[in-house]
Amino acid sequence: MPLSFFVSQCIKKGYYPVILADYIEFPDVEMMNNTEKPVFVVDHLYYKEEKYNAAKRAFMLDLIGKKPKNNKDTLSWFRYYLFEGDQFKKVVRDIQTL
């Protein structure tokens with residue numbers, strides 16, 4: 001999905017979009033970003049992790065402030081994380097249900 005579609009859907013529904021890229025290097029993200037919104041990438045060096053998945057898990061814990069309860073409650077398969085202010089509210093799998 002183009003980043004512009006994501007941004008326009010969020011704005012249309014009254015959300016402020018924040019783009020966090022995973023599994024892609026920063027220079028590539030800059031080249032494919034067709035919006036005026038910044039794109040953020042997890043810094044594995046900050047988390048002192050060599051493997052991306054370990055850094056991503058640590059980052060998500062920092063971002064949402066809680067661990068998933070079990071494997072069924074995992075957050076890693078979801079694409080959209082909703083916040084009100086700085087409070088994490090829920091995850092959404094399909095952009096159409098935002």
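So, here is what we can say about the structure in this document. (Residues numbered from 1 in each chain as written. Predicted model: local features only at pLDDT ≥ 70, side-chain atom pairs only at ≥ 80, totals over all residues. Heavy atoms only, no water.)

A word on the overall build of the protein chain. Each helix and strand counted, the protein chain has three helices and four strands in total. Order of helices (α) and strands (β) in the protein chain, N terminus to C terminus: α-β-α-β-α-β-β. With 98 residues in all, the protein chain has 28% of them scored as buried. Nonlocal contacts in the protein chain, meaning residues at least 24 apart in sequence, comprise 30% of its contacts between residues at least 6 apart. Counting only carbon and sulfur atoms, one obtains 53% of the accessible surface of the protein chain, whose full area is about 7,600 Å². (Helix = DSSP H or I, 4+ residues; strand = E, 2+ residues; numbered from the N terminus. Buried < 20%, exposed > 50% of the residue type's maximum accessible area, 1.4 Å probe, protein only. Contact = heavy atoms within 4.5 Å. Areas by Shrake-Rupley, 256 points an atom, 1.4 Å probe, with all protein chains shown as cover.)

A few words on helix H1 (residues 3-12). Among the residues making up H1, those that are buried are Leu3, Phe6, Val7, Gln9 and Cys10. For H1, the buried positions fall inside an angular range of 165 degrees around the axis, keeping them on one side. Downstream of H1 by one or two residues, Gly14 has phi in the positive range, about 85 degrees. (Arc of directions from axis to C-beta.)

Here we take up the pairing of strand E3 (residues 80-84). In this structure, E3 lies alongside strand E4 (residues 87-92), joined through five bridges in antiparallel fashion. Residue Phe83 lies in a different strand from E4, and its bridge partner there is Phe88. What sits between the antiparallel neighbours E3 and E4 is a turn of two residues, in which Gly85 has the positive phi angle 65 degrees. (Pairing = 2+ DSSP bridges.)

This next bit is on the environment of Glu36. Residue placement: Glu36 occurs in the loop between helix H2 (26-32) and strand E2 (39-41). A C-alpha to C-alpha distance of 9.3 Å links Glu36 and Val7, two positions 29 residues apart in sequence.

Next up on the list: the nonpolar core. Phe6, Ile19, Val39, Tyr80, Val92, Ile95 and Leu98 are the most contacted members of the largest nonpolar core, which has 13 residues in total. If you list the elements that add at least two residues to this core, you get H1, strand E1 (19-21) and E3. Looking at this core, the element that brings in the most residues is H1, giving four residues. (Core = buried A, V, L, I, M, F, W, Y, C linked by side-chain atoms within 4.5 Å.)

Our focus in this paragraph is helix H3 (residues 52-64). The terminal C-alpha atoms of H3 lie 18 Å apart, and with 13 residues this matches the ideal 18 Å at 1.5 Å per residue to within 8%. Among all positions of H3, only Ala54, Ala55, Lys56, Met60 and Ile64 are buried. One or two positions beyond H3, positive phi appears at Gly65, with a value near 75 degrees. (Expected span 1.5 Å × (residues − 1).)

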